[in-house]
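Fold and contact review
So the chains spell out like this:
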Amino acid sequence: MKFPRTLSRRHVVMGAAMSVAMLSARTGTRAESVLPRIRVTFSEEDFTVTLFDNASAREFASMLPLDLTISDYSSNEKIAYLPRKLTELVRGPVDDPAPGDLCYYVPWGNLAFFHGGYQSISDLVRLGRLDGGIEPLLTRGEFPLRIAIA
């Protein structure tokens, strides 16, 4: 294909890349790719989480299935301690923290399932986001927890 002298291939490629970037920003899509979903079960609750494709989430997924205990912490999250700390850390701060995020808190070695707003800090590693809303996390109490690849 021949391009007019004033419009080089480089200009066409750059223009297409900028259009895709602008469309992604406008639609709110993330640039992060994702791993397979995981299934989370506790009490009468059963839901999935889509993991982000980063080193921390991959290491976490390699530990599955897990049987843990989930409990309330503060007024905005449920937590569960992993059997060992993650070593592949893609530290925050998270650029757009939101309810529904599944994070790993580095100092304590625990998962944090956020059902309320939270402030991102450098010791949080976002692993993924709940599919379908936060309602399952609103069940108060301490329960056996099962996490497995969906």
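Every value quoted in this text rests on a predicted model; they were computed, and no experiment measured them.

Let us now look at the nonpolar core. One finds Leu51, Phe60, Leu127 and Ile147 to be the most contacted residues of the largest nonpolar core, which totals 30 residues. Put simply, the parts of the chain that give this core at least two residues each are strand 1 (34-42), strand 2 (45-52), helix 2 (55-62), strand 3 (66-73), strand 5 (101-105), strand 6 (110-114), strand 7 (124-130) and strand 8 (143-149). Considering each element in turn, this core owes the most residues, four residues, to strand 1. Val94, Cys103, Phe114 and Leu124 belong to the second largest nonpolar core, which has six residues in total.

Let us look at the confidence of the model for the chain. Residues at a pLDDT of 70 or more form 77% of the chain, whose mean pLDDT is 83. A low-confidence stretch, residues 1-5 stays under pLDDT 50, and its non-local contacts, those more than four residues away or across chains, total three contacts. A low-confidence stretch, residues 7-32 (pLDDT under 50), is modelled with 11 contacts involving residues beyond four sequence positions or located in other chains.

All right, on to the pattern of salt bridges then. Under the criterion given, the structure shown has 12 salt bridges. When the shortest N-O distance is used, the salt bridge between Arg146 and Asp67 registers 2.8 Å. Note that Arg146 is positioned in strand 8 and Asp67 in strand 3, a separation of 79 residues in sequence. Classification of Asp67 as exposed rests on a relative accessible area of 57%.

On to the layout of surface pockets. Here the idea is plain: a probe the size of a water molecule rolls over the atoms and shows the empty space left. Reported here for the second largest pocket is a volume of approximately 160 Å³. What lines the second largest pocket is a set of 13 residues, among which Tyr73, Glu77, Tyr105, Phe114 and Leu124 lie closest to the centre. Of all the secondary structure elements, the ones that give two or more residues to the lining of the second largest pocket are strand 4 (77-81) and strand 6. Here the element with the most residues in the lining of the second largest pocket is strand 6; it accounts for three residues.

Mapping Ser71 onto the fold places it in strand 3. Among all residues touching Ser71, those that are not within four sequence positions of it are Glu77, Lys78, Ile79, Gly141 and Glu142.

So, about the packing of aromatic side chains. Taken as a whole and judged by the stated rule, the model has six aromatic pairs. An angle of 15 degrees between the planes, with centres 3.8 Å apart, marks the rings of Phe114 and Tyr118 as stacked. Neither residue differs from the other here; Phe114 and Tyr118 are each classed as buried. Here the aromatic residues Phe42, Phe47, Phe113 and Phe143 are joined through ring pairs into a cluster of three or more.

On the secondary structure map, Asn110 appears in strand 6. Exposure remark for Asn110: the relative accessible area of 2% places this residue in the buried category. Excluding anything up to four places from it in sequence, Asn110 contacts Ile79, Ala80, Tyr81, Cys103, Tyr104 and Tyr105.

So, how was this worked out
- Residues numbered from 1 in each chain as written.
- Predicted model: local features only at pLDDT ≥ 70, side-chain atom pairs only at ≥ 80, totals over all residues.
- Heavy atoms only, no water.
- Core = buried A, V, L, I, M, F, W, Y, C linked by side-chain atoms within 4.5 Å.
- Buried < 20%, exposed > 50% of the residue type's maximum accessible area, 1.4 Å probe, protein only.
- Helix = DSSP H or I, 4+ residues; strand = E, 2+ residues; numbered from the N terminus.
- pLDDT = per-residue confidence, 0-100.
- Contact = heavy atoms within 4.5 Å.
- Salt bridge = Lys/Arg side-chain N within 4 Å of Asp/Glu carboxyl O.
- 1 Å grid on protein atoms, 1.4 Å probe; cavity = no way out; pocket = protein on both sides within 12 Å on 5 of 7 lines; lining within 4 Å.
- Points joined across faces, edges and corners; volume = space filled by probe spheres on them.
- Phe/Tyr/Trp six-rings, centres within 6.5 Å; stacked < 30°, edge-to-face > 60°.

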